[in-house]
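Overview (structure and organization)
Listed here are the chains, written in short residue letters.
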Amino acid sequence: AILANAATWDTLPFESAIVRNRGGSLKVAVFSAINCGYCRKLSASLSTAPDIEVSEFLVGMAGSADASRRIGCANDPENVLEDYYATRSVPSADCDRDIVLAAQTAARHLGSKMQGTPTFVRPDGAVTSGFRDINSLRAWLATPAAPDRETSQ
């Protein structure tokens, strides 16, 4: 895993995130796209992991920006997102809140560490891309950053 600078976590636009398993002891941010099969698979497995609080940022890739914005405008975005992954039904909600733009801006700040979706960011700034099953994700989240790991500015 590549370590981002420590400010990475603190600068994420959490007001634009869709939070799943709120209150879980392990925290992770994930950049995802609603048409990404691995993101859908991850979403389905989150119901078995109440210990992992996920702040999901929808980056609107592959033509999914409008549907992602509508999910962000829903009264209950967490359930609407889960439902979208299961059924592909797009909510009719609409508003001025653009969760996609905030997610895209944050993803650009990750630069080369953003290697597609899903991309995970730990509170210590470590970043990894690619699908992880829940046990692998849990193990990665529970591993503290070693000071001698590769870092980038």
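For the structure itself, look to the data block above.
Just so you know, the residues in each chain are numbered from 1, in the order the chain's sequence is written. This being a predicted model, a pLDDT of at least 70 is required before a residue's local features are given, and a value of 80 or more before pairs of side-chain atoms are given or counted; all residues contribute to the totals for chains, interfaces and linings. Where side-chain values are given, they derive from all heavy atoms of the structure, hydrogens and water being excluded.

Pairing of aromatic rings covers Phe, Tyr and Trp, the last through its six-membered ring, and needs centres within 6.5 Å; plane angles under 30 degrees mean stacked, over 60 mean edge-to-face, and all others mean tilted. Evaluated as defined, the whole model comprises five aromatic pairs. Both rings, one in Trp9 and one in Phe14, keep their centres 5.0 Å apart while their planes meet at 55 degrees; by these two values the pair is tilted. A network of ring pairs unites the aromatic residues Trp9, Phe14, Phe31 and Phe57 as a single cluster. In this scheme, Lys NZ or Arg CZ marks a charge over a ring once it lies within 6 Å of the ring centre and within 35 degrees of the ring normal. Here the basic side chain of Arg122 rests over the ring of Trp140, its NZ or CZ set 4.7 Å away from the ring centre.

Just to be clear on terms, a salt bridge is a Lys or Arg side-chain nitrogen sitting within 4 Å of an Asp or Glu carboxyl oxygen. For the structure on display, the rule yields eight salt bridges. Measuring nitrogen to oxygen at the nearest pair gives 3.6 Å for the salt bridge that ties Glu78 to Arg22. In this pair, Glu78 is assigned in helix α4 (residues 77–87) and Arg22 in the loop between β2 (18–20) and β3 (26–32), connecting sequence segments 56 residues apart. Type-normalised accessible area, obtained with a 1.4 Å probe on protein chains alone, sets the label of each residue: buried when under 20%, exposed when over 50%, and partly exposed for intermediate values. On the basis of relative accessible area, Glu78 is assigned to the partly exposed category, the value being 23%. Given the relative accessible area of 62%, Arg22 is considered exposed. A salt bridge links Asp66 to Arg70, with the shortest nitrogen-to-oxygen separation between them at 3.1 Å. With Asp66 and Arg70 both in helix α3 (residues 65–73) and four residues apart, the pair spans about one turn of that helix. Counted as one network, the salt bridges with shared partners bring together Arg20, Glu56 and Glu82. The secondary structure listing takes helices from DSSP runs of H or I that are at least 4 residues long and strands from runs of E that are at least 2 residues long, numbered from the N terminus.

Next up on the list: the nonpolar core. To form a nonpolar core, buried Ala, Val, Leu, Ile, Met, Phe, Trp, Tyr and Cys residues must be joined to one another through side-chain atoms within 4.5 Å. Judged by nonpolar contacts, the single largest core of 28 residues is most densely connected at Leu12, Phe31, Ile34, Leu58 and Val121. Looking at which element gives the most residues to this core, the answer is helix α5 (residues 99–110), with six residues. A contact between two residues is defined here by any heavy atoms of the two lying within 4.5 Å. The contacts of Leu12, once residues within four sequence positions are left out, are Ala29, Phe31, Phe57, Ala106 and Val121. One finds Val28, Leu42, Leu46 and Ala49 within the second-largest nonpolar core, a separate group that totals 14 residues.

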